[in-house]
There are 2 protein chains.
Amino acid sequence: MGDSSRFAAAAEDDTRAAIMRATYDALTSHGYANLTIQRIADEFEKSKSLLYHHYDGKDDLLVDFLRFMLEHWEAKAECREGQDPRVRLEALLDRVAAVELDEETAAFTAAMEELRGQAPHDAAYREQFTEHDRALRERFAAIIAEGIDDGAFEAVDPAVTAEFLLTTVNGIRIQRVTRDDDGGVAAARAELDAYLATRLYRGEA
Amino acid sequence: MGDSSRFAAAAEDDTRAAIMRATYDALTSHGYANLTIQRIADEFEKSKSLLYHHYDGKDDLLVDFLRFMLEHWEAKAECREGQDPRVRLEALLDRVAAVELDEETAAFTAAMEELRGQAPHDAAYREQFTEHDRALRERFAAIIAEGIDDGAFEAVDPAVTAEFLLTTVNGIRIQRVTRDDDGGVAAARAELDAYLATRLYRGEA
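(A) Geometry of the side chain of A:Glu113. Topologically, A:Glu113 is positioned in helix α6 (residues 103-116). For A:Glu113, the residues in contact, after removing those within four places along its chain, are A:Arg173, A:Ile174 and A:Val177.

Structure, rendered in structure tokens:
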């Protein structure tokens, strides 16, 4: 690829990143149900017509947003090689299912669960959430496999344990934004920690 | 209450039950996103105007549907007094988070998760799902407390364990209808059973 087309590709990337940033801000401010292309445009420095040039509508844009989030997640290498697998596992759980969320993260989590609520009737959303779940499950499974190799973890089936951890994370995510109480997150996390101590960590049971 | 007003109340109940049945059928056929009052009316033997007489619109009707489901659930006494708490716990898990679902139950589960996806931005839905979660959590906690009294279960905190079980159930429910694969349900249930054997059932670990 020549220099000019390389530049064009980079400019394209910049535009997409700017649209994605505006989408994040609009989702966090308005949620999915009240989101419009106009509200994304309000957060966007460039022209609204650029949004329509790139996307067929709100849902097309949001599906690309989910794709972008996943690329971002997968590109971010875990810079923790050599760290204790148990420390890494707990850091990951704290990242994806923290007991306390700041206001912005809570608003964004609520919007993500609204998007997930589109997946039962929309194949494009369903594909994205299938991939989001796969990425997190693989991250769990890799840490568990390493812990088993190290002798720090019991010889469980990493794929099964990872799917179970993912299921508890998805349960926490949906409960915390769809209930009037705290979603039972503190209790669920406490029991998840007890489960890990009993079933996974060696020399703890 | 005199006989005539008692009859009026029963007729009112019959109409509500008929509307609820029509709503269940329409939700199972069309899901939430494609649901209209007309589609509920299509499943309803009486007149569409009766629906508008009772409800302000689709969401008002669906919130009452969630209320009706919960009343139905709470009224249905568990006719299993004296049964082994472990058998009762596993029967309850099979009822709310079965590994395999028939087509109708799968379609209804998908619709329920779409309704739950309204809860982040709609307080009336959020109130209903808070109550649905409370009811299931209390059912879990009651069985766990009985198992502890019997000496069949370890002396866990029933409230904490019940919230954790609820979280895994909600994770299974959302995953199974928002992914292209099987939602990891079989793996999650297998590990949930292993968790119960290790943490809850006495003489299994």
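There's plenty left to go through after this.
(B) Quick look at the interface of chain B and chain A. Contacts between the two partners involve 41 residues from chain B, matched on the other side by 41 residues from chain A. Counting each side, the surface lost to burial between chain B and chain A is near 3,600 Å², with a carbon and sulfur contribution of 61%. Counting the contacts that link chain B with chain A gives eight salt bridges. Linking A:Glu163 and B:Arg179 is a salt bridge whose minimum nitrogen-to-oxygen distance equals 3.1 Å. Put simply, the parts of the chain that give the side of chain B that touches chain A at least two residues each are α6 (103-116), α7 (123-150), α8 (158-178) and α9 (185-199) of chain B.

(C) Structural context of the environment of A:Glu114. With respect to the secondary-structure elements, A:Glu114 resides in helix α6. Assessed through its relative accessible area of 3%, A:Glu114 is described here as buried. Between the C-alpha atoms of A:Glu114 and A:Val177, which are 63 residues apart in sequence, the distance is 9.4 Å. Sequence-distant contacts of A:Glu114, that is, excluding residues within four places in its chain, are made with A:Gly31, A:Tyr32, A:Ala33, B:Gly117, B:Pro120 and B:His121.

(D) Summary view of the nonpolar core. Within the largest apolar cluster, 58 residues are counted, with the highest numbers of intra-cluster contacts made by A:Leu89, A:Phe140, B:Leu89 and B:Phe140. Residue contacts for A:Phe140: discarding those within four places in its chain leaves A:Leu89, A:Leu92, A:Leu93, A:Val96, A:Ala162, A:Leu165, A:Leu166 and A:Val169.

(E) Broad picture of the packing of aromatic side chains. Enumeration over the complete set of coordinates arrives at ten aromatic pairs over all chains. Taken together through their ring pairs, the aromatic side chains of A:Phe164, A:Tyr195, B:Phe164 and B:Tyr195 make up a single cluster. Across from the ring centre of A:Tyr32, 4.1 Å away, lies the NZ or CZ of A:Lys58, which sits over that ring.

(F) A look at the relation of the copies chain B and chain A. You can overlay chain B on chain A at an RMSD of 0.0 Å; the transform is a turn of 180° with a shift of 0.0 Å along its axis. Those values place the two copies in the arrangement expected of a two-fold rotation axis. Closest approach to the rotation axis within chain B is made by the C-alpha atom of B:Gly171, at a distance of 1.9 Å. Residue by residue, 100% of the interface of chain B is reproduced at the interface of chain A, so both copies engage with the same surface.

(G) Fine view of the pattern of salt bridges. If you walk through the whole model with that rule in mind, you get 36 salt bridges over all chains. Linking B:Asp180 and A:Arg126 is a salt bridge whose minimum nitrogen-to-oxygen distance equals 3.4 Å. One end of the pair, B:Asp180, is in the loop between α8 and α9; the other, A:Arg126, is in helix α7 (residues 123-150), on a second chain. Here A:Arg179 ties to B:Asp133 by a salt bridge, and the two come within 2.9 Å at their closest N and O atoms. Taken together, the residues A:Arg179 in the loop between α8 (158-178) and α9 (185-199) and B:Asp133 in helix α7 connect one chain to another. Here A:Arg179 and B:Asp133 have matching classes, each one buried. Linked by salt bridges that have partners in common, A:Arg116, A:Asp133, A:Arg137, A:Glu163, B:Arg179 and B:Asp181 make up one network.

(H) Region of the structure containing the packing of α8(A) against α9(B). One can describe the packing of α8(A) onto α9(B) by two numbers: an axis separation of 8 Å at closest approach and a directional angle of 95°. In terms of axis orientation, α8(A) runs roughly perpendicular to α9(B). On α9(B), the residues touching A:Val160, A:Thr161, A:Glu163, A:Phe164 and A:Thr167 of α8(A) are B:Ala187, B:Ala188, B:Glu191 and B:Leu192. Its residues assigned to classes, the contact of α8(A) with α9(B) shows five nonpolar, two polar and two charged.

(I) Representation of α8(B) in the model. All names here are of chain B. The end-to-end C-alpha distance of α8, which contains 21 residues, comes to 30 Å, matching closely the 30 Å that a straight helix rising 1.5 Å per residue would cover. In terms of residue burial, α8 counts as a mostly covered element, since 17 of its 21 residues are buried. The opening residue of α8 is Asp 157, an N-cap whose side-chain oxygen sits 3.0 Å from the backbone nitrogen of Ala 159.

(J) Expanded view of the side chain of B:Arg179. Owing to a relative accessible area of 4%, B:Arg179 belongs among the buried residues under this scheme. Separated by 3.1 Å, the side chains of B:Arg179 and A:Glu163 make a polar contact. Only 3.0 Å separates the side chain of B:Arg179 from the side chain of B:Asp181, close enough to count as a polar contact. Leave out the neighbours within four places in its chain, and B:Arg179 touches A:Arg116, A:Arg126, A:Phe129, A:Thr130, A:Asp133, A:Arg137, A:Glu163, A:Leu166 and B:Gly184.

Conventions used here
Residues numbered from 1 in each chain as written. Chains lettered and ligands numbered in written order. Predicted model: local features only at pLDDT ≥ 70, side-chain atom pairs only at ≥ 80, totals over all residues. Heavy atoms only, no water. Helix = DSSP H or I, 4+ residues; strand = E, 2+ residues; numbered from the N terminus. Contact = heavy atoms within 4.5 Å. Buried area = accessible area lost by both parts, 1.4 Å probe. Salt bridge = Lys/Arg side-chain N within 4 Å of Asp/Glu carboxyl O. Buried < 20%, exposed > 50% of the residue type's maximum accessible area, 1.4 Å probe, protein only. Core = buried A, V, L, I, M, F, W, Y, C linked by side-chain atoms within 4.5 Å. Phe/Tyr/Trp six-rings, centres within 6.5 Å; stacked < 30°, edge-to-face > 60°. Lys NZ or Arg CZ within 6 Å of the ring centre and 35° of its normal. Least-squares fit on C-alpha atoms with pLDDT ≥ 70 in both. Axes fitted to C-alpha atoms, helices over the stretch in contact; angles between N-to-C directions. Parallel < 35°, antiparallel > 145°, perpendicular 65-115°, else oblique. Nonpolar A, V, L, I, M, F, W, Y, C, P; charged D, E, K, R; others polar. Expected span 1.5 Å × (residues − 1). Polar contact = N/O pair within 3.5 Å; in protein donor to acceptor, adjacent residues only side chain to side chain.

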